[in-house]
Amino acid sequence: MKVLWAVAALFFVTGCIGPGVDRSDLVVVIDAGHGGDDSGATAGNRYEKDLVLQITKKLYKEFRSQGFDVYLTRGSDKFLKLGQRTRMADKKEAKVFISIHANAIANKSKFSQVEGVETYFLQKTRDARSQRIAARENASVLQGTDTLSKNVIIDAVLNGPKIIESHKLAIDVQRNMVKNLKSSYSGVKDGGVRPAPFYILVGASRPSILVEVGYITNPKERERLFTSNYQEKIVDGIVTGVGNYMDNRKKEINL
Ligand SMILES: [Zn+2]
């Protein structure tokens, strides 16, 4: 009988907190940007495509250990067309879609000055800086998508039904990433949550965000980005952020 009580107590505890929670209905699709011939941003012999693959593999493990049902758009070094990335989110009926990228600037004289982690959600913006970053990411994501109609995309951006939810998700993820990074590093720059017209976020008809985990062009940040410690802080921040977002959504629905 004692054993039975012990088992019941263990079940109760694991059912309430941490690993063991049944979150199998919480489907998350993670997209590692670029891949194959598309290296993404490069600096100091480091490639964005490699970094984001390392991070998404860690995300996969962490989401799974927290009980989420998680899928990766790519688990190896290959290029995917735009539609292939977002189609998985629709096919799996994902609750959230997260695309992982690393940032870069063109102006070499500012490499050491521009740094920080940023989270984007889909929206038109007049901010020139956000437009520049979106233009860089969009250029590669549009490779091989000849049939894509820009008008359809622009329309989808303007009428995006998930903008408010994506914004909330972005806030939760950004807050937790920055909190974690600051606990381990000094001088971490919070680049904030920003709207930008990323094509990758258009096709997924669910709350979707794009995380720029840091600047590969900044020597100090590039060094950090490729360490397990930095990647784990980012990963834990994203997983906690998604968990917070989903808990809040559940509360809103049950109100
Ligand atoms: Zn990118």
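Calculation rules
- Residues numbered from 1 in each chain as written.
- Predicted model: local features only at pLDDT ≥ 70, side-chain atom pairs only at ≥ 80, totals over all residues.
- Heavy atoms only, no water.
- Helix = DSSP H or I, 4+ residues; strand = E, 2+ residues; numbered from the N terminus.
- Buried < 20%, exposed > 50% of the residue type's maximum accessible area, 1.4 Å probe, protein only.
- Contact = heavy atoms within 4.5 Å.
- Areas by Shrake-Rupley, 256 points an atom, 1.4 Å probe, with all protein chains shown as cover.
- Donors = N, O, S within 2.8 Å, 3.2 Å for Na, K, Ca; no water.
- Core = buried A, V, L, I, M, F, W, Y, C linked by side-chain atoms within 4.5 Å.
- Axes fitted to C-alpha atoms, helices over the stretch in contact; angles between N-to-C directions.
- Parallel < 35°, antiparallel > 145°, perpendicular 65-115°, else oblique.
- Left-handed = near helix turned anticlockwise from the far one by under 90°.
- Phe/Tyr/Trp six-rings, centres within 6.5 Å; stacked < 30°, edge-to-face > 60°.
- Lys NZ or Arg CZ within 6 Å of the ring centre and 35° of its normal.
- Expected span 1.5 Å × (residues − 1).
- Arc of directions from axis to C-beta.

**Quick look at the overall build of the protein**
Stage number 1. Broken down by element type, the protein carries eight helices and eight strands.
Stage number 2. Every one of the 255 residues in the protein was classed for burial, and the buried ones make up 48%.
Stage number 3. Sequence separation of at least 24 residues holds for 82% of the intrachain contacts in the protein that already meet a minimum separation of 6.
Stage number 4. Accessible area for the protein stands at about 12800 Å²; split by element, carbon and sulfur atoms hold 53% of it.

**Details of the coordination of the zinc ion**
Stage number 1. Around the zinc ion, the protein contributes the donor atoms H34 (NE2), E48 (OE), H101 (ND1), E137 (OE) and E137 (OE), at 2.0 to 2.5 Å from the metal centre.
Stage number 2. The sequence motif formed by the donor residues of the zinc ion is H-x13-E-x52-H-x35-E. Note that H101 is positioned in strand β5 (residues 96-103) and E137 in helix α4 (residues 128-141), a separation of 36 residues in sequence.
Stage number 3. Of the residues examined, E137 reaches a relative accessible area of 3% and is grouped as buried.

**Re the nonpolar core**
If you look at soluble globular proteins, the nonpolar side chains tend to sit buried side by side.
Stage number 1. Counting 45 residues, the largest nonpolar core has V28, F63, I98, I100, I238 and V242 as its most contacted members.
Stage number 2. Listed by contribution, the elements that provide at least two residues to this core are β1 (23-32), α2 (48-65), β4 (68-72), β5, β6 (117-122), α6 (163-182), β8 (208-215) and α8 (228-254).
Stage number 3. In terms of residue count, α8 provides more of this core than any other element does, eight residues in total.
Stage number 4. Here V28 is in contact with F63, F68, D69, V70, Y71, V96, I98, V242 and M246, once residues within four sequence places are set aside.
Stage number 5. Judged by nonpolar contacts, the second largest core, of 19 residues, contains V27, L82, A89 and A134.

**A look at the packing of α2 against α8**
Stage number 1. Where α2 contacts α8, the two axes come as close as 9 Å, and the packing angle between them is 50°. Comparing the axis directions of α2 and α8 gives the class oblique. Considering only the axes of α2 and α8, their crossing is right-handed. Facing L51, Q54, I55, K58, L59, E62 and F63 of α2, the residues of α8 in contact are S228, Q231, E232, I234, V235, D236, I238, V239 and V242.

**A few points about the packing of aromatic side chains**
Stage number 1. Under the counting rule described, the total for this entry stands at two aromatic pairs.
Stage number 2. Note on F63 and F68: the rings are 5.1 Å apart at their centroids and 85° apart in plane angle, and the pair reads as edge-to-face. Each member of the pair, F63 as well as F68, carries the same accessibility label: buried.
Stage number 3. Taken together, a centroid distance of 5.6 Å and an interplanar angle of 50° make the contact between Y185 and Y230 tilted. In this pair, Y185 is assigned in the loop between α6 and β7 (190-196) and Y230 in helix α8, connecting sequence segments 45 residues apart. Across the pair, Y230 and Y185 agree in class, each one buried.
Stage number 4. Against the face of F226 rests R46, its NZ or CZ located 4.1 Å from the ring centre.
Stage number 5. The ring centre of F79 lies 6.0 Å from the NZ or CZ of R85, which sits over that ring.

**Looking at the side chain of N138**
Stage number 1. Mapped onto the fold, N138 is located in helix α4.
Stage number 2. The buried category is assigned to N138, whose relative accessible area is 10%.
Stage number 3. Ignoring anything within four residues of it in the chain, the contact list for N138 reads P197, F198 and Y199.

**Focus: α4**
Stage number 1. Under the 1.5 Å per step criterion, the end-to-end length of α4 is 20 Å for 14 residues, consistent within 8% with the ideal 20 Å.
Stage number 2. Among all positions in α4, only S130, I133, A134, E137, N138, S140 and V141 are buried. Buried residues of α4, seen end-on, are gathered within an arc of 165° and therefore sit on one face of the element. Structural note: α4 exposes R132 and A139 on the side pointing more than 90 degrees away from its buried face.
Stage number 3. Where the residues of α4 are buried, they touch α2, α3 (82-91), β5, β6, β7 and β8.

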